[in-house]
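Working through the structure, step by step
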Amino acid sequence: MERKRIVFTGGGSAGHVTPNIAIINEMNQEEWQIYYIGSKTGIEKELIEKLNISYYGISSGKLRRYIDVENIIDSFRVMKGCLEARSILKKIKPCAVFSKGGFVSVPVIIAARSLDIPIIIHESDYTPGLANRISKSFATKVYTSFEEAKKHFPANKTRVIGSPIRREILTGSKKVGLDFLGFHHGLPVLTIMGGSLGSKIMNETIREALPSLLKKYQIVHLCGKGNVSDSLSNIPGYKQYEYIHEELSHILAATEIVITRGGSNAIFEFLALRIPMLIIPLSKKQSRGDQLLNGRSFEAKGYASMLEEERLNQETFIQLLEQVTRDKEKIIEAMKCQEEGDALRILLDEMENIASR
Ligand SMILES: CC(=O)N[C@H]1[C@@H](OP(=O)(O)OP(=O)(O)OC[C@H]2O[C@@H](n3ccc(=O)[nH]c3=O)[C@H](O)[C@@H]2O)O[C@H](CO)[C@@H](O)[C@@H]1O
């Protein structure tokens, strides 16, 4: 029997790829032939090629919210990407394109639309990114993680489902995590995730606070590419990694508190794992402010405390961390009251649905 064909797209940072990985890992490859269209050099290429599925790299331009001469060059790259995506899609003839957003998805969506291929998009953030704002009118179906994001999309084709989380993230072992880290049971584990790309300001603040933090915690620091500090590599109770792959589930199973950027996928994973969070969102100066809104929403629901980057210093950081440590049980109780949907199942059913039409 011929396999059903589907194309995934999304990239630029891991947050636009890990939900795709969650779905791909659940699809039976004897029934589905899965393809991925991403950029030629982005993180999606590295993460997807590990899965052993066909990967196509296309030209793509950065989508900027400000005026820049680079925008002219990038608009040509996007046009080139559209033509490349169109010829790939014509060859594959998929039953649908699933997009997680990020700038590389735009040419793929435009090409899919021009070929009348059904398009499903998922928006992870409180407000849509530029790519999904462009894509929304072309989409057949839109899914969102946040209830509050729904109003930005056409009501008749939008559904709130939460975040599709990699199942393996939820099945880690504390013992394996502690063994991997070389940590003991005596002090709680604090994990720091500065977003999939790391965060300079978070890295600096944490490293300055290390002497006092290490009296109370064992620390895992996911610090982003090129940010491992050799001078700190032999400190007992402190482990740094640029990016963690398979071991993440075990590290999180061993984690008591997490300090994180406000990236949607990460915070939904911590919520599902009931790990209390201190969220330090990317500021409005460096982004459209989506992480601030994500963080505020989680704080209002009692899942986290939030510290805005402008207020971040040693004192506020330690104070807020102590607050989360004190409120840990209360936060976990609030997390347990969250209505649990199965976003992954809903998306898999949707794909079966489209393929059977
Ligand atoms: C700078 C930027 O544009 N950030 C955006 C990006 O964040 P970013 O790419 O940081 O994405 P998220 O925080 O949403 O997700 C990161 C993903 O990477 C995984 N992970 C991370 C570190 C690691 O060592 N190993 C690992 O597997 C996490 O478990 C998670 O699944 O996409 C998010 C979702 O649209 C947005 O909310 C963010 O604003």
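Scroll up a little and you will see the structure.
In this text the structure is predicted, and so the values were computed from the model without any measurement.

Thresholds applied
- Along each chain, numbering runs from 1 in the same order as the chain's sequence is written.
- Local features in this predicted model are restricted to residues whose pLDDT is 70 or higher, and side-chain atom pairs enter the listing and the counts only when it is 80 or higher, whereas totals over whole chains, interfaces and linings include all residues.
- Working from all heavy atoms in the structure, the side-chain values ignore hydrogens and water.
- Patch construction takes residues with relative accessible area above 30% that form no salt bridge. Like charges are linked within 9 Å, and nonpolar side chains (Val, Leu, Ile, Met, Phe, Trp, Tyr) are linked within 5 Å.
- Residue burial considers only the protein chains on display, and all accessible areas are found by Shrake-Rupley using a 1.4 Å probe.
- Basic side-chain nitrogens of Lys or Arg form a salt bridge, by our definition, when they fall within 4 Å of a carboxyl oxygen of Asp or Glu.
- Secondary structure elements are defined from DSSP: runs of H or I of at least 4 residues count as helices, runs of E of at least 2 residues count as strands, and each element is numbered from the N terminus.
- Each residue is placed in one exposure class: buried if its accessible area under a 1.4 Å probe, protein chains only, is under 20% of its type's maximum, exposed if it is over 50%, and partly exposed if it falls in between.
- Multiplying one less than the number of residues by 1.5 Å gives the expected span of a helix.
- By definition in these notes, contact holds between two residues if any of their heavy atoms fall within 4.5 Å.
- Aromatic rings from Phe, Tyr and Trp, with only the six-membered ring used for Trp, were paired whenever their centres fell within 6.5 Å, and each pair was classed as stacked if the ring planes differed by under 30 degrees, edge-to-face if by over 60, and tilted otherwise.
- Distances are taken per atom, and a residue is near a molecule or strand as soon as one of its heavy atoms is within 4 Å of it.
- Each polar contact in these results corresponds to two N or O atoms within 3.5 Å; when the atoms are within protein, one needs to be able to donate a hydrogen and the other to accept it, and residues that are neighboring in sequence are counted only if both atoms are side-chain atoms.
- Residue ranges assigned to the domains are those given by an automatic or database domain assignment.

1. A look at a nonpolar patch on the surface
- Nonpolar side chains collect at one region of the surface, where Val69, Ile72, Phe76 and Met79 lie side by side and expose about 450 Å² of accessible area between them.
- Looking at the element boundaries, Val69 is found in the loop between strand E3 (54-58) and helix H3 (70-92).
- Look at Val69 and you get exposed, because its relative accessible area is 64%.

2. Describing H3
- When the terminal C-alpha atoms of H3 are compared, their 32 Å separation across 23 residues agrees well with the 33 Å that a helix rising 1.5 Å per residue should span.
- Taken together, the buried positions of H3 are occupied by Asp74, Val78, Gly81, Cys82, Ala85, Ile88, Leu89 and Ile92.
- Summarising the contacts, the buried residues of H3 are in contact with strand E1 (4-9), strand E2 (32-39), E3, strand E4 (96-99) and helix H4 (105-114).

3. Here we look at the packing of aromatic side chains
- This model, assessed by the stated rule, comprises nine aromatic pairs.
- Within the aromatic cluster, the residues linked to one another by ring pairs are Tyr126, Phe146, Phe268, Phe298 and Tyr303.

4. Digging into the site of the ligand
- Neighbouring residues of the ligand: 23 residues in total, closest Ser13, Asp125, Ser196, Ile244 and Glu269.
- Within the backbone of Ala14, an N or O atom sits 3.5 Å from an oxygen atom of the ligand.
- At a separation of 3.2 Å, an oxygen atom of the ligand approaches a polar side-chain atom of Tyr243.
- When isolated, the ligand has an accessible area of 770 Å², and the protein chains bury 89% of it.
- Looking at the shell around the ligand, the elements with two or more residues in it are helix H9 (264-272) and helix H10 (290-300).
- Top contributing element to the shell around the ligand by residue count: H9, with four residues.
- There are two domains that each give the shell around the ligand at least three residues, and those are domain 1 (4-162 + 341-356) and domain 2 (168-336).

Any link to function would need more than the numbers given here.
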